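Working through the structure, step by step
Now for the letters of each chain:
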Amino acid sequence: HLLCTIENKELQDIYVDDTGIYVSGEYVVYDIDFEGNIRNQIDLPDLGASISQYSLAIKKKYIAVCCFYHVEQREGWENVIYVIDRNTNEITTYDYKKFKDGDTLEKILPTSKETEFILVGNYQVYTFDASNGKYDLLYDGVNAFEIDYSPKENRLYYIHDILSSMSSLELGSITLPEGEKNIARILELEYLYPKIKAEVEENGG
């Protein structure tokens with residue numbers, strides 16, 4: 001039940017561990033303690049973007065941030081990865097070369113290894129070493145608009161629209177590294193939306 005007000009910043013991602021609360025977005029990372037005090041503000045480079053989306057994750061030595069963004073004067077999406085030394089606040093910037101057209105780095109997650117993170121894109125997943133910026137392809141072929149990853153299970157969870165029609169949503173998981181696809185459910189939107197409406201109304205909303 002902590003209220004912390006940060007003015008004039010659009011914040012997009014939050015990460016919490018036993019050391020504190022971390023939020024990122026719009027060229028900034030905040031380190032906040034459990035009393036709501038901002039302990040550290042780390043300013044990220046201004047990309048000149050008209051649209052940008054940030055994700056961050058924390059390790060003992062590093063804060064890692066990935067961002068996909070669009071600049072009005074240029075075509076398509078661009079991607080960048082920042083690694084912040086937690087002792088010095090020094091920022092190291094790593095370029096990311098697109099694997100496919102339209103590729104975006106949408107999420108970064110920690111693993112059990114000291115310097116390793118997982119990068120989740122809209123098409124594929126990578127391991128990322130924060131100590132040297134190297135990333136290796138872990139899986140290709142997701143092509144979903146919502147992806148999550150469990151480091152413990154080494155499994156992807158996804159939602160995507162079938163045949164890009166947006167009339168049906170497929171929910172499932174993919175076991176790595178084999179790539180075995182498990183469809184949990186297919187939802188027809190004509191069914192989904194009336195169900196939401198009925199449940200909200202039933203509960204007085």
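Everything below is about the structure shown above.
Residues numbered from 1 in each chain as written. Predicted model: local features only at pLDDT ≥ 70, side-chain atom pairs only at ≥ 80, totals over all residues. Heavy atoms only, no water.

**Focus on the sheet that holds strand E16 (residues 180-188)**
Rules: Any two strands with at least two DSSP bridges between them are considered paired. Helical segments are the DSSP runs of H or I of at least four residues, strand segments are the runs of E of at least two, and each set is numbered from the N terminus. Axis lines are fitted to C-alpha atoms, over the contacting stretch for helices. Their N-to-C directions set the angle, which ranges from 0 to 180 degrees.
Strands sit in the order E13-E14-E15-E16 across an open sheet of four strands; the sheet is antiparallel. Two strands in the sheet have a free side with no partner beyond their single neighbour: strand E13 (146-150) and E16. Recorded for the sheet is a direction-independent mean angle of 15° between the axes of neighbouring strands. Taken together, the seven bridges between strand E14 (residues 155-161) and strand E15 (residues 168-175) define a ladder with antiparallel strand orientation. Of the residues in E15, the one forming a bridge with His160 is Glu170.

**Focus: the pairing of strand E8 (residues 91-95)**
Where strand E7 (residues 78-85) and E8 come together, five bridges link them in antiparallel fashion. Along E8, the bridge assignment pairs Val80 with Asp95. In this antiparallel pair of consecutive strands, E7 and E8, the connection spans five residues, and Asn89 shows a positive phi of 65°.

**Points about the pattern of salt bridges**
The condition that has to hold: Between Lys or Arg on one side and Asp or Glu on the other, a salt bridge is scored when a side-chain nitrogen of the former is within 4 Å of a carboxyl oxygen of the latter.
Scanning all chains against the criterion turns up seven salt bridges. The closest approach of N and O atoms between Glu116 and Lys113, which form a salt bridge, is 4.0 Å.

**Side note on unusual backbone geometry**
As a reminder of what qualifies: Burial here depends on accessible area, computed with a 1.4 Å probe over protein chains only, as a share of the maximum for the residue type. Under 20% is buried, over 50% is exposed, and the range in between is partly exposed.
Phi at Tyr27 takes a positive value of approximately 65°, unusual for a residue other than glycine. A relative accessible area of 15% means that Tyr27 is categorised as buried. A positive phi is found at Asn89, a non-glycine position, where the angle reads about 65°. Residue placement: Asn89 occurs in the loop between E7 and E8.

**So, the environment of Leu156**
Mapped onto the fold, Leu156 is located in strand E14. Spatially, the C-alpha atom of Leu156 lies 9.5 Å from that of Tyr139, the residues being 17 residues apart in sequence.

**A short note on the environment of Val16**
What counts here: Between two residues, a contact is recorded if the distance between any of their heavy atoms is within 4.5 Å.
Counting through the fold element by element, Val16 comes out in strand E1 (residues 13-17). On a C-alpha basis, the gap between Val16 and Phe34 in space is 9.8 Å, while along the polypeptide they are 18 residues apart. Filtering out sequence-adjacent residues up to four positions away, Val16 remains in contact with Ile21 and Phe34.

**Brief notes about the packing of aromatic side chains**
Which entries qualify depends on this criterion: Side-chain rings of Phe, Tyr and Trp (the six-membered ring for Trp) are treated as a pair once their centres are within 6.5 Å; stacked means planes under 30 degrees apart, edge-to-face means over 60, and tilted covers the remaining angles.
This structure, assessed with the given rule, holds six aromatic pairs. With 6.4 Å between their ring centres and 85° between their planes, Tyr27 and Tyr54 make a pair best called edge-to-face. With Tyr27 in the loop between strand E2 (20-25) and strand E3 (28-32) and Tyr54 in strand E5 (residues 51-58), this residue pair connects regions lying 27 residues apart in the sequence. Summarising the aromatic geometry, the rings of Tyr96 and Tyr126 are spaced 5.6 Å apart at their centres and angled 80° between planes, so their arrangement reads as edge-to-face. Of this pair, Tyr96 sits in the loop between E8 and strand E9 (105-110) while Tyr126 is found in strand E11 (residues 124-129), placing the two residues 30 residues apart along the sequence. The rings of Tyr96, Tyr126 and Tyr135 are connected pair by pair, giving a single aromatic cluster.

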